[in-house]
Structures are given as structure tokens and as C-alpha cells.
Amino acid sequence: MAGRAQIPNKSSALIAMIADEDTVTGFLLAGVGNVDLRRKTNYLIVDSKTTVKAIEDAFKEFTTKEDIAIVLISQYVANMIRFLVDSYNKPVPAILEIPSKDHPYDPAHDSVLSRVKYLFSAESVASGRR
């Protein structure tokens, strides 16, 4: 399949997190955390002192690392870097927006959900269904 991106086949892959402290802590307790040999973690804890530049840098780092399969990002954090999240179009790592304790999930701002809605609306128009 020439036009499709190849998904790397590895024995293990990581989940990266960009979220508030409570969300990251919950996932770390579930075993998602990792620290590599260079003392780099696979998560970023976002608080009131975290700059948008730091969030952008973490997002770019996580989406370019070979060993990360999924990037979980709190939706309110994703809204801070919406231009990056919306412009990301690779299948791996997958970007999933999740709710946080203080910020409820809003499906209107979810980039994955909006792409799915677009694909289904394009399919229904192409097939003549409404």
C-alpha cells in the first residue's frame, strides 16, 4: 500500500502525557511513566506557571519520538496549542484529548472527533445519503 503510512512494529511503545498534576499522577500510578537514560520523562505536568512555549516543545518532542505510540493531552491544554494539535496529521503517535478534573470535556473542540465527523459527512455526500 504505497500511500499509507507504515505503523512501526515494536515490542513495546510508550504513552506520553501532557496534563494537569492530578491527571498525570493518576496515569503514573497506573504505570504509564517512563524516564529514559537521558533523564527525560514521557510526561509534562501543566500548571499555572507552565508557559505555552514549554507545552509546544513537549508536544513537538513527544510527537517526534520513535518510542511513543499515543500522546494523551488534556483538552484545556490542547486548546492552548490548538494550532499544533489541529495541524498534526500522522497516525502514530495518535493524539487523544482527554478531560481533566477541573475542565470538562467539550466535543466541539476535539480535533479527532471533528475529523471523524468530516469524514462521515464526506462519505454520506459521496454516496448520496443524507
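Look up a bit, the structure's there.
Residues numbered from 1 in each chain as written. Predicted model: local features only at pLDDT ≥ 70, side-chain atom pairs only at ≥ 80, totals over all residues. Heavy atoms only, no water.

## Remarks on unusual backbone geometry
Short version of the rule: Only DSSP runs of H or I reaching four residues or more are called helices, and only runs of E reaching two or more are called strands; each is numbered from the N terminus. Each residue gets one of three labels from its accessible area relative to the maximum for its type: buried under 20%, exposed over 50%, partly exposed in between, using a 1.4 Å probe on protein chains only.
Cis geometry marks the peptide bond from Val-92 to Pro-93; its omega dihedral reads 0°. Mapped onto the elements, Pro-93 comes out in the loop between helix 4 (82-87) and strand 4 (94-98). The phi torsion at Arg-39 lies on the positive side, around 65°, for a residue other than glycine. Residue classification places Arg-39 among the exposed residues on the basis of a relative accessible area of 70%.

## Some points on the side chain of Thr-63
As a reminder, the rule being used: Think of a polar contact as two N or O atoms within 3.5 Å of one another; within protein, one of them needs to be a possible hydrogen donor and the other a possible acceptor, and neighboring residues in sequence only count if both atoms come from side chains. The contact definition used throughout considers only heavy atoms, calling two residues in contact when any of these lie within 4.5 Å.
Position of Thr-63 relative to the elements: it lies in helix 2 (residues 52-64). Among the residues examined, Thr-63 registers a relative accessible area of 10% and is labelled buried. Among the polar contacts made by the side chain of Thr-63, one reaches the main-chain carbonyl oxygen of Phe-59 at a distance of 2.8 Å. Separated by 3.2 Å, the side chain of Thr-63 and the backbone oxygen of Lys-60 make a polar contact. The contact partners of Thr-63, leaving out residues within four places of it in the chain, are Val-71, Tyr-88, Pro-93 and Ile-95.

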